[in-house]
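# Analysis of the macromolecular model
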Amino acid sequence: AQSVTQLDSHVSVSEGTPVLLRCNYSSSYSPSLFWYVQHPNKGLQLLLKYTSAATLVKGINGFEAEFKKSETSFHLTKPSAHMSDAAEYFCVVNRNYGQNFVFGPGTRLSVLP
Amino acid sequence: GAGVSQSPSNKVTEKGKDVELRCDPISGHTALYWYRQSLGQGLEFLIYFQGNSAPDKSGLPSDRFSAERTGGSVSTLTIQRTQQEDSAVYLCASSPGTRENQPQHFGDGTRLSIL
C-alpha cells in the first residue's frame, strides 16, 4: 500500500523568508509524486510533478521539490515567500499499478507581513 | 483552453432531498475522478472513471451515493436522501489517461450545504 505523510499541518513564515513544506511517502514501487496548491474556494492547482526524469523538479511560482529516494521524501521549497503563497498544499503519490492518487492531509501555509 | 467545469458552484438543500452535481471534464481526458473535501480536511476519494471501463466505486461512502458518466464525457454525482454529514465541497478532476505521470486537473468544486 502507498501512503503520504505531511509532517506539518500548519507552517507560518514571514514574507521574504524561505518556505519548507515536508512530505514523506511510502511506496512499493518507484512512484510519481506531485505537489498541488489550493487557494480558498478554489480547486487544486498543480505546482510540480516528479516522474523519475530528474530528482530536482522546478514548478510554477518559484517552487521546487527534491526527490530523495533514500529518505523517501519529496519536500517542497521556495527561496522567498510571497503573501500570495498563503494557501493549502497537498503532496500526492500516484500508484503505478493502481488507478488512484493518494493525497496527503495537507499543510496550511500562512505568510506574515 | 477550458478547464474542468463544475456546477453548481454552491448548493443548499434540506436534509432528505436528492442532489445532482455535474462535472464537465477537459475535452479529450479519458479519466475522471470525484473527491469529497470536508471543512479543513484533505481529499476523500469517491469514484473513478476511465474510458469505457467499469468505474472504481470503492470510495463511495454509502449506497446513497452514485455517479455516472455519459458518453465518456460529462459526469453526474447523485446523492440521495441527503444527510447533514454530506455537507462538504465536492471536487471533480480529469486527466488524459492512467499513466502514472499524468497529473489531475481540478475544477473549483461544488460547495454542498445540507440544512
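Here's a quick rundown of the structure. As the structure is a prediction and not an experimental result, all values here were calculated from the model.

By volume, the largest pocket amounts to about 570 Å³. If you trace the largest pocket, you find 25 residues lining it, with Gln38 and Asn41 of chain A together with Gln37, Val89 and Arg111 of chain B closest to the centre. When residues of the lining of the largest pocket are traced back to their parent elements, those giving at least two are β10 (87-94) of chain A together with β8 (88-95) and β10 (110-114) of chain B. Considering every element that reaches the lining of the largest pocket, the biggest residue donor is β10 of chain B, with 4 residues. Looking at the lining of the largest pocket residue by residue, the class counts come to 7 nonpolar, 13 polar and 5 charged.

On to the packing of aromatic side chains. The description of an aromatic ring pair rests on the distance of the ring centres and on the angle between the ring planes. Counted according to the given criterion, the structure contains 15 aromatic pairs over all chains. Ring geometry for Phe63 of chain A and Tyr89 of chain A: centres 5.6 Å apart, planes at 45°, overall tilted. Pair noted here: Phe63 of chain A is in the loop between β7 (56-58) and β8 (64-68) and Tyr89 of chain A is in strand β10, with a separation of 26 residues, a long-range link. Judged by relative accessible area, Phe63 of chain A falls into the buried class, the value being 1%. Ring centres of Tyr35 of chain B and Phe45 of chain B lie 6.2 Å apart, and the angle between their planes is 70°; on these two criteria the pair is classed as edge-to-face. With Tyr35 of chain B in strand β4 (residues 31-37) and Phe45 of chain B in strand β5 (residues 43-50), this residue pair connects regions lying 10 residues apart in the sequence. For Tyr35 of chain B, a relative accessible area of 1% puts it in the buried group. Every member of this aromatic cluster is reached through a ring pair, and the members are Phe34, Tyr36, Phe101 and Phe103 of chain A together with Tyr33, Tyr35, Phe45, Tyr48 and Phe106 of chain B.

About the thresholds
- The numbers attached to residues start from 1 for each chain and follow its sequence in the written order.
- Written order decides the labels, with chains lettered from A and ligands numbered from 1.
- At least 70 in pLDDT is required for a residue's local features to be given in this predicted model, at least 80 for side-chain atom pairs to be given and counted, and no such filter applies to totals for whole chains, interfaces and linings, which use all residues.
- Side-chain numbers come from the whole structure's heavy atoms, not from hydrogens or water.
- Think of a 1 Å grid over the protein atoms and nothing else: a 1.4 Å probe that fits but is trapped marks a cavity, an open set flanked by protein within 12 Å on at least five of seven lines marks a pocket, and residues with an atom within 4 Å of a point count as lining.
- Grid points are joined across faces, edges and corners, and a volume is the space filled by probe spheres set on the points.
- What counts as a helix is a DSSP run of H or I of at least four residues, what counts as a strand is a run of E of at least two, and both are numbered from the N terminus.
- Each residue is assigned to one class: nonpolar for Ala, Val, Leu, Ile, Met, Phe, Trp, Tyr, Cys and Pro, charged for Asp, Glu, Lys and Arg, and polar for all the others, Gly among them.
- Aromatic rings from Phe, Tyr and Trp, taking only the six-membered ring of Trp, are treated as a pair when their centres fall within 6.5 Å; an angle between ring planes under 30 degrees marks them as stacked, one over 60 as edge-to-face, and anything in between as tilted.
- Under the scheme applied here, a residue whose accessible area is under 20% of the maximum for its type counts as buried, over 50% as exposed, and between as partly exposed, the area being computed with a 1.4 Å probe on protein chains only.

That's the geometry; what it means functionally is another story.
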